[in-house]
Structure formats: structure tokens, C-alpha cells
Amino acid sequence: MAPLIGDNTAMTLPELPFRATSAQACAWLIASTGETWDLPRLLEHLTPYVWLDYDPALASLFGDANGGYAAPIFLAGDVARLAAGSADVLITRTKDVHKIVAQLPEGGLRRGLDELRFQKRDIERLPAQLARAALPPPPPPPAKESQAGIGRQQVLDAFAALVKIDLDKALGEALGVFGDDGARVKGSARKSPKHALWNPVTLALGLNDLYRVPLARLSTAFRSHEALAVWRERWDLSLELLR
């Protein structure tokens, strides 16, 4: 008997054969998880198999597996039939010994329910998979600052109507509007001027300082343009520092 992982008591888990019956799989999972398990729930999480003895009429399924192989039941209709309580197993499509999907003869293959098997490795992995799935999703990463700046058209949409200068022309000049890189993000135009990004907070403060654009109108721009949404907090902080 295998010890119950993570349990400090002497509880043990039932031994699982390499291919377990439905009853064996359910017993192991009940002992492992403390929850109720039956065939329909097994089928929600695990792929069932049946052993197919070699059949010369279906030789293409077996390849070199002259003794037979475990064929998976994965077609949604076949699995749903089992989960609904069918009296036997019907397989209309499976995978051959090389794991290539294979259509079975019309009418499919029928086997007894007692021939259903579940792979030991699949059963043993399931409790950990369920535990991970039950964890709350991680918090979303913090919003990136758009990331370093906003593009030329976004600058024009937000600020061009507030100034008397030709802002489009000023953005294209080497001085970055205010000298050196100015409000332009350093290095963003290295590959091409069209790739330049602009820090809207620095730009707005410069427009107020040099061109006397009222802070109230600039604040309205930060509230009304989606491209500036992630910059509003930084803009508000800048206003606090100016007071």
C-alpha cells in the first residue's frame, strides 16, 4: 500500500495496477481526495481505454503489436454515451498503436463495461491537477506605462488643439519640442522618427510652461483621451508638486 502523500497519519492509498478498472480508479481517488468519485466524474477528467486483441481484419490499427494494444476512447459521443450510463462500451473512433486517429468500421466496436481501463499515471496526476485548478487565478500584472510613452498621432489628438504652434511640425524636429530630447522618450526614434514615443506628462508641463496652456485644459485632456489614461496618476502627482 502506498502512503498518502502529504498526510501525517498512517492512512494509505490502495495500490493501482498499470491499467486500473473504474472501481479501482474511483477507490484510489476517493482515498486521495476525500471526495466522491464515480464513472461519469472519471470521464470528465481521464481518458478511458479498452484492450483490443490483435484482429487481422483491422491489421492497420496494430502495426507490430501482434498481441494487441490499449485503445483510447476519446470521441465526445462515445464518452458521453458512457457517462450517460450505457450498458456497454461503444468505440466508433480511436487511435492506432502509433497514436494516429483511426476511423473504425461502421457500427464501431463494442466491449463490456468491465473492460474499461484508466492509466495509472493519469490517475496519480489527477489530484495535483485538480488542486492547481482550484487555486484562485493570479492577480493581473500591473498595467504597463503604455509603455514608455505615446505615439505621434496620440500626442496630436490630445494636445494639438490646445496650442497655437504647429505641434505636428515641432514633433518632427530634432529638438524634441523643448530642446535635446525634450518630451521625446530618449532613444525611441533611433530606428525611425515614426517610432518616436513621447512622455505626455513632460510634454504637458512644457506646453504649460512655454506656451501658457492652462493646467485645467491639460487636465481635461488627461481625463478625456484613452491614450492618456495610464498617465493620469502621474499627471495628478505632478500637479501636486507644482502647488
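See the structure above.
Residues numbered from 1 in each chain as written. Predicted model: local features only at pLDDT ≥ 70, side-chain atom pairs only at ≥ 80, totals over all residues. Heavy atoms only, no water.

**What to know about the nonpolar core**
Here is step 1: Formed by 30 residues in total, the largest nonpolar core has its most connected members in Leu42, Leu52, Leu61, Ile73 and Ile123.
Here is step 2: The set of elements that each furnish at least two residues to this core consists of helix H1 (22-33), helix H2 (39-45), strand S4 (48-52), helix H3 (59-62), strand S5 (69-72), helix H4 (76-83), strand S6 (88-91) and helix H5 (120-134).
Here is step 3: In terms of residues, this core owes the most to one element, H1, which gives 4 residues.
Here is step 4: Once residues within four sequence positions are removed from consideration, leucine 61 is found in contact with Leu52, Tyr69, Thr94, Asp96, Val97, Ala102 and Leu104.
Here is step 5: Core analysis: the second largest hydrophobic core is formed by 24 residues, Phe159, Leu167, Leu171 and Leu228 among them. (Core = buried A, V, L, I, M, F, W, Y, C linked by side-chain atoms within 4.5 Å. Buried < 20%, exposed > 50% of the residue type's maximum accessible area, 1.4 Å probe, protein only. Helix = DSSP H or I, 4+ residues; strand = E, 2+ residues; numbered from the N terminus. Contact = heavy atoms within 4.5 Å.)

**Concerning the environment of phenylalanine 222**
Here is step 1: Assignment of secondary structure puts phenylalanine 222 in helix H9 (residues 215-224).
Here is step 2: When the C-alpha positions of phenylalanine 222 and arginine 232 are compared, they lie 5.8 Å apart, and in sequence the two are 10 residues distant.
Here is step 3: Setting aside anything within four residues of it in sequence, one finds phenylalanine 222 in contact with Phe159, Pro200, Val201, Ala204, Leu228, Trp231, Arg232 and Trp235.

**A short note on the packing of aromatic side chains**
Here is step 1: In total, this model carries 4 aromatic pairs according to the counting rule given.
Here is step 2: Seen in terms of ring centroids, phenylalanine 62 and tyrosine 69 are 5.5 Å apart; in terms of plane orientation they differ by 85 degrees. Their pairing is edge-to-face.
Here is step 3: Note on phenylalanine 62: relative accessible area 2%, which makes it buried.
Here is step 4: We classify tyrosine 69 as buried; its relative accessible area is 7%. (Phe/Tyr/Trp six-rings, centres within 6.5 Å; stacked < 30°, edge-to-face > 60°.)

**Some words on helix H10 (residues 232-242)**
Here is step 1: Every buried residue of H10 is listed here: Trp235, Ser238 and Leu239. Buried residues along H10 cover an arc of 100 degrees about the axis, so they all sit on one side. Exposed side of H10, more than 90 degrees from the buried face: Glu233, Leu237 and Leu241 are the residues found there.
Here is step 2: Looking at the buried side of H10, the elements it contacts are helix H8 (200-211) and H9. (Arc of directions from axis to C-beta.)

**Some thoughts on the sheet that holds S5**
Here is step 1: With antiparallel pairing, the 4 strands of this open sheet are ordered in space as S3-S10-S4-S5. Single-partner strands in this sheet number two, and they are strand S3 (19-20) and S5.
Here is step 2: Across 2 bridges, the pairing between S4 and strand S10 (residues 117-119) is antiparallel. What sits directly across from tyrosine 49, in S10, is arginine 117.
Here is step 3: Across the sheet, H5 lies against S3 and S10, angled at about 65 degrees from S10, the strand it touches most. (Pairing = 2+ DSSP bridges. Axes fitted to C-alpha atoms, helices over the stretch in contact; angles between N-to-C directions.)

**Examining H9**
Here is step 1: When H9 is considered as a whole, its buried residues turn out to be Leu218, Ser219, Ala221 and Phe222. One side of H9 carries all its buried residues, which in axial view fall inside an arc of 155 degrees. Residues Ala216, Arg223 and Ser224 are exposed on H9 and point more than 90 degrees away from its buried face.
Here is step 2: On its buried side, H9 packs onto helix H6 (152-159), H8 and H10.

**Focus on unusual backbone geometry**
Here is step 1: Its identity is not glycine, yet lysine 99 carries a phi of approximately 65 degrees, on the positive side.
Here is step 2: Structurally, the position occupied by lysine 99 is in the loop between strand S7 (93-95) and strand S8 (101-103).
Here is step 3: Judged by its relative accessible area of 66%, lysine 99 falls in the exposed class.
Here is step 4: Of note, arginine 212 is a non-glycine position whose phi angle comes to about 55 degrees, a positive value.
Here is step 5: Arginine 212 gets classed as exposed once you look at its relative accessible area, which sits at 61%.

**A word on the pairing of S4**
Here is step 1: For S4, the tally of buried residues reaches 4 of 5 residues, placing the bulk of the element in the interior.
Here is step 2: Direction of pairing for S4 relative to S5: antiparallel, over a ladder of 4 bridges. Paired with tryptophan 51 across the bridge in S5 is alanine 70.

**Let's talk about the packing of H8 against H10**
Here is step 1: At a minimum axis separation of 9 Å, H8 and H10 run at an interaxial angle of 40 degrees. The angle between H8 and H10 places the two elements in the oblique class. Considering the relative orientation of H8 and H10, their crossing is right-handed. On the side of H8, the interface is formed by Val201, Ala204 and Leu205, while H10 contributes Arg234, Trp235, Ser238 and Leu242.
Here is step 2: Looking at side-chain class alone, the contact of H8 with H10 contains 5 nonpolar, 1 polar and 1 charged residues. (Parallel < 35°, antiparallel > 145°, perpendicular 65-115°, else oblique. Left-handed = near helix turned anticlockwise from the far one by under 90°. Nonpolar A, V, L, I, M, F, W, Y, C, P; charged D, E, K, R; others polar.)

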